[in-house]
Amino acid sequence: FKIKKVAILLKYYLYLWGLYILFFVIYGIVKSQLPEIFDQEYEQSALRTLLKENPLKLFVLAVIFAPIIEEMMFRTLIRPSHSDIILLICSWPIFYINRFIPVDAHWTVKLIFIAILLFTLFTILKGLIPQEKTNRLRGILDKYRYVLLIISAIIFGLVHINNYVDNFMINASLIALIIPRVISGFMMGLIKIKNQNLIWSIGLHAINNGFVILLLIIGSSNPVS
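Residues numbered from 1 in each chain as written. Predicted model: local features only at pLDDT ≥ 70, side-chain atom pairs only at ≥ 80, totals over all residues. Heavy atoms only, no water.

Asker: Before we move on, could you go through the pattern of salt bridges and cite the residues and values that matter?
Answerer: If you walk through the whole model with that rule in mind, you get 4 salt bridges. For Arg 75, the salt bridge identified is with Glu 71, shortest N-O distance 2.7 Å. Judged by its relative accessible area of 0%, Glu 71 falls in the buried class. Here Arg 79 makes a salt bridge to Asp 142, at a shortest N to O gap of 3.7 Å. Here Arg 79 is found in the loop between α3 (55–74) and α4 (82–98), whereas its partner Asp 142 is found in helix α6 (residues 135–143), with 63 residues between them in sequence. One salt-bridge network, in which partners are shared between bridges, spans Arg 79, Asp 142 and Arg 145. (Salt bridge = Lys/Arg side-chain N within 4 Å of Asp/Glu carboxyl O. Buried < 20%, exposed > 50% of the residue type's maximum accessible area, 1.4 Å probe, protein only. Helix = DSSP H or I, 4+ residues; strand = E, 2+ residues; numbered from the N terminus.)

Pasting the structure below:
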């Protein structure tokens, strides 16, 4: 049973890269024909800095922390279980609390603090909110699972605009940068529907991030002369 779900995970990962390739082919054609609409360039400067200064931190944040927190924030409403509802309630406060942790605190201490806080909040809320209290809500959300899938994928993409600019804005160049995030968000939500558990969307998210970060680390350690 689990082997079948692992096979589905790998299949969806291949589908995801197929969609990436299709997008970049279309993007390349459009850009070659209409270069003037992509006149601005952006890069993830924080990622590049972290890649250079602390690749281990980057790997842990991108492959463990981000997949767990972001899937809790964006995919828990898609065909939710009772635990998914609790995780959703926990995730957004933790996301904002993280912004107020002193910047000079060691990153491992921050992650341990967030993990303990998440476990504590989840345990308290699981005790306070019985399953029957979320049954009706979960039924409504499940009815509109594909609507929520599309909406959450779009929001997931838009949130990642902040990876490139400090203030939220939209232009053709930024849209081109976030479309792959929308695609990945859609596939992560789709596998949650298929495999019926948040752990599978976290897994797809982690594999996707991990492969990209691994390529960046290898590329930075072997610069072209």
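Asker: Pulling in residues and values, what's your account of unusual backbone geometry?
Answerer: Phi angles above zero are rare outside glycine, and Arg 79 is one such case at about 45°. Of note, Gln 196 is a non-glycine position whose phi angle comes to about 60°, a positive value. With respect to the element layout, Gln 196 can be found in the loop between α8 (172–195) and α9 (198–221). Looking at Gln 196, the relative accessible area reads 53%, which means it is exposed.

Asker: Account for the packing of aromatic side chains, naming residues and giving values.
Answerer: This model, assessed by the stated rule, comprises 12 aromatic pairs. Seen in terms of ring centroids, Trp 17 and Phe 211 are 5.6 Å apart; in terms of plane orientation they differ by 90°. Their pairing is edge-to-face. Of this pair, Trp 17 sits in helix α1 (residues 2–33) while Phe 211 sits in helix α9, and the two are 194 residues apart along the sequence. With centroids separated by 5.2 Å and ring planes inclined at 85°, the aromatic side chains of Tyr 27 and Phe 38 adopt a geometry described as edge-to-face. Of this pair, Tyr 27 sits in helix α1 while Phe 38 sits in the loop between α1 and α2 (45–53), and the two are 11 residues apart along the sequence. Tyr 27 sits in the partly exposed class, given a relative accessible area of 21%. One aromatic cluster is present, formed by Phe 74, Trp 92, Phe 95, Tyr 96 and Phe 156 through successive ring pairs. If you follow Arg 75 out to its NZ or CZ, it ends over the ring of Phe 156, 4.4 Å from the centre. (Phe/Tyr/Trp six-rings, centres within 6.5 Å; stacked < 30°, edge-to-face > 60°. Lys NZ or Arg CZ within 6 Å of the ring centre and 35° of its normal.)

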